[in-house]
Amino acid sequence: MRHLDLSLLRTFVAICDESSFAKAALKVHKSQPAISQQMGRLESELQVALFIKKGRQKQLTAAGMRLEEYARRLLALHDELWATLHDQELSGPVRIGAPADIADTVLPGILQSFARANPRLSMAIHVGRSPDLMDMLFTGELDLTISTRVASDIPHLVLRNSPVVWIAASDYQFDNLQPLPLVLADEPSIFRRIALEALQEHGHSYKESYISPNLAGIKSAVRAGLGITARSIEVVTPEFRVLSEREGLPPLPNVNFYLYLRDDNPSEAASKLYQLLASQVGGAASPAPSPAHGDGA
């Protein structure tokens, strides 16, 4: 008897919801090539074509539309069963930190199904910079945090590997006769380091035109045309455009967003959320410590 992989169905439904492979990739916390491979596996298992290309877009075939109906029913039943078996064990607050880069894009998808399956939980979200969030995790102010910082000695997993891109206002015009104006975070900042190292390595002249301690200030300055910045792709919205090597800018490396779990007596809810996400990203995680009992965080 053949068995369907529910993770493939969950990705398929995300594509249906978002009408875009790229947006679905953000929702399920995978790269676009990864979800394309998943859909190839699903079509192979079902032995039917689920998508047809129309121009630059992909649309559902008749078989894909039939699958969508059944996939939603299967996933709803799965989530209902999970909630029935587990929600009585999980209550109380879970305190989660996230950088502003992904708080509005990646984090909602992470929390949605878990919160639905555990209605007695309350979520406290703290948005801040990665170094500050790590400090809050170490002092016990957070149960979990997403961060670009590397701390291999506590439970962690690679939640997302994101491209870092050069970003400018949609109507920004280069003046190639002048040093490149940069909009950067103050120290410490991984994106500041990535931008400066790339420019220095390629001998590109630049000046620091605007410095801000937070992403909101950086976006405002870029939006106003004061310069360009280097950030993860999640920051890009229609008011901005991504610059490329065609503008004479050096390529930038990807950045990892890690999910960390406090290793000092974590709550059961925080540990289970960590374990759930570890299973979704393919087990690329260090072991979680034994959770504390009760509803404390």
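Structure: above.
Residues numbered from 1 in each chain as written. Predicted model: local features only at pLDDT ≥ 70, side-chain atom pairs only at ≥ 80, totals over all residues. Heavy atoms only, no water.

Asks: Explanation requested: the overall build of the chain in the structure shown.
Replies: When helices and strands are counted, the chain shows 10 helices and 12 strands. Within the span of the chain, comprising 297 residues, buried residues form 44% of the whole. If you take every contact in the chain between residues at least 6 apart in sequence, the share linking residues at least 24 apart comes to 74%. Taken as a whole, the chain presents about 15200 Å² of accessible surface, with 52% of it coming from carbon and sulfur. (Helix = DSSP H or I, 4+ residues; strand = E, 2+ residues; numbered from the N terminus. Buried < 20%, exposed > 50% of the residue type's maximum accessible area, 1.4 Å probe, protein only. Contact = heavy atoms within 4.5 Å. Areas by Shrake-Rupley, 256 points an atom, 1.4 Å probe, with all protein chains shown as cover.)

Asks: What exactly am I supposed to notice about the pattern of salt bridges here?
Replies: All chains considered together, the criterion is met by 14 salt bridges. In this structure, Arg73 and Glu69 form a salt bridge, with 3.5 Å as the shortest nitrogen-oxygen distance. Taken together, the positions of Arg73 and Glu69, both in helix α4 (residues 62-86) and four residues apart, correspond to about one turn of that helix. Residue classification places Glu69 among the partly exposed residues on the basis of a relative accessible area of 48%. Because the salt bridges share partners, they merge into one network encompassing Asp17, Glu68 and Arg72. (Salt bridge = Lys/Arg side-chain N within 4 Å of Asp/Glu carboxyl O.)

Asks: What should I look at first to understand helix α2 (residues 21-28) in this one?
Replies: An α-helical segment advances 3.6 residues per turn. Residues three or four places apart therefore align on the same side. When we look at burial in α2, the residues that qualify are Phe21, Ala24, Ala25 and Val28. Taken end-on, α2 shows its buried residues confined to a sector of 110°, consistent with a single buried face. Within two residues after α2, His29 carries a phi angle of roughly 65°, on the positive side. (Arc of directions from axis to C-beta.)

Asks: Help me understand the packing of aromatic side chains in this model?
Replies: Where two aromatic rings form a pair, the distance of their centres and the angle of their planes describe that pair. One pass over the structure, following the stated rule, counts three aromatic pairs. Above the plane of the ring of Phe21 lies Lys58, whose end atom (NZ or CZ) is 5.0 Å from the centre. (Phe/Tyr/Trp six-rings, centres within 6.5 Å; stacked < 30°, edge-to-face > 60°. Lys NZ or Arg CZ within 6 Å of the ring centre and 35° of its normal.)

Asks: I would appreciate a short explanation of helix α3 (residues 32-46) in the present structure.
Replies: Between its first and last C-alpha, α3 extends 21 Å over 15 residues, near the 21 Å set by a 1.5 Å rise per residue. The set of residues buried in α3 consists of Ile35, Gln38, Met39 and Leu42. When α3 is viewed along its axis, its buried side chains cluster within an angular range of 95° and face the same direction. Facing away from the buried side of α3, by more than 90 degrees, are the exposed residues Pro33, Gln37 and Ser44. Directly after α3, the chain includes Gln47, whose backbone phi takes a positive value near 60°. (Expected span 1.5 Å × (residues − 1).)

Asks: What is the right way to read the nonpolar core from this model?
Replies: Side chains that are nonpolar tend, in soluble globular proteins, to be buried together. Counting residues in hydrophobic clusters, the biggest one holds 45 residues, and the most contacted among them are Ile110, Leu144, Ile146, Trp166, Leu182, Ile228 and Leu259. Top element by residues in this core is helix α8 (residues 190-201). It accounts for seven residues. By size, the runner-up hydrophobic cluster in this structure holds 19 residues, among which are Leu9, Phe12, Ile35 and Leu42. (Core = buried A, V, L, I, M, F, W, Y, C linked by side-chain atoms within 4.5 Å.)

Asks: Would you take a moment to explain the sheet that holds strand β10 (residues 229-232) for this structure?
Replies: Paired through backbone hydrogen bonds, the strands of a sheet run either parallel or antiparallel to each other. Taken in spatial order, the three strands of this open sheet run β10-β7-β11, and their pairing is antiparallel. Edge positions in the sheet fall to β10 and β11 (240-243), since each of these pairs with one other strand and no more. The average undirected angle you get between the axes of adjacent strands in this sheet is 50°. (Pairing = 2+ DSSP bridges. Axes fitted to C-alpha atoms, helices over the stretch in contact; angles between N-to-C directions.)

Asks: I tried to follow the side chain of Thr61 on my own but got confused; where do I start?
Replies: By secondary structure assignment, the location of Thr61 is in the loop between β2 (57-60) and α4. Excluding residues within four positions of it along the chain, Thr61 makes contact with Ala49, Leu50, Phe51 and Ile52.

Asks: Is there a simple way to think about the packing of helix α1 (residues 6-18) against α2 in this case?
Replies: The relative placement of two packed helices comes down to the angle between their axes together with the axis-to-axis distance. Packing of α1 against α2 brings their axes to within 8 Å, and their N-to-C directions diverge by 125°. With respect to their mutual orientation, α1 and α2 come out oblique. As for how α1 packs across α2, the hand of that crossing is right-handed. Two secondary-structure elements touch here, α1 through Arg10, Thr11, Ala14, Ile15, Asp17 and Glu18 and α2 through Phe21, Lys23, Ala24, Lys27 and Val28. (Parallel < 35°, antiparallel > 145°, perpendicular 65-115°, else oblique. Left-handed = near helix turned anticlockwise from the far one by under 90°.)

Asks: Is there a simple way to think about the packing of α2 against α3 in this case?
Replies: Contact pair α2 / α3: the axes reach a minimum separation of 9 Å and the direction vectors enclose 100°. As the angle between them shows, α2 and α3 are arranged roughly perpendicular. Of α3, the residues touching α2 (which contributes Phe21, Ala22, Ala24, Ala25 and Val28) are Gln32, Ile35, Ser36 and Met39.

Asks: Can you walk me through the environment of Pro155 in this structure?
Replies: Tracing the backbone through its elements, the reader meets Pro155 in the loop between β5 (144-147) and β6 (156-162). Its relative accessible area of 6% is what places Pro155 among the buried residues.

Asks: Looking at this model, I keep getting lost on unusual backbone geometry. Mind explaining?
Replies: Note: most peptide bonds trans; most residues except glycine with negative phi. Of note, the bond from Glu187 into Pro188 is cis; its omega dihedral lies within 30 degrees of zero at -10°. Here Pro188 is to be found in the loop between β8 (180-185) and α8. Even without glycine at this site, Ser19 takes up a positive phi of about 55°. Summarising the element assignment, Ser19 is placed in the loop between α1 and α2. Note on Ser19: relative accessible area 57%, which makes it exposed. The phi angle at Gln47 is positive, at roughly 60°, despite the residue not being glycine. Considering the arrangement of structural elements, one finds Gln47 in the loop between α3 and β1 (51-54). Take Gln47: its relative accessible area is 61%, and that puts it in the exposed class.

Interpretation in functional terms is not warranted from these geometric data alone.
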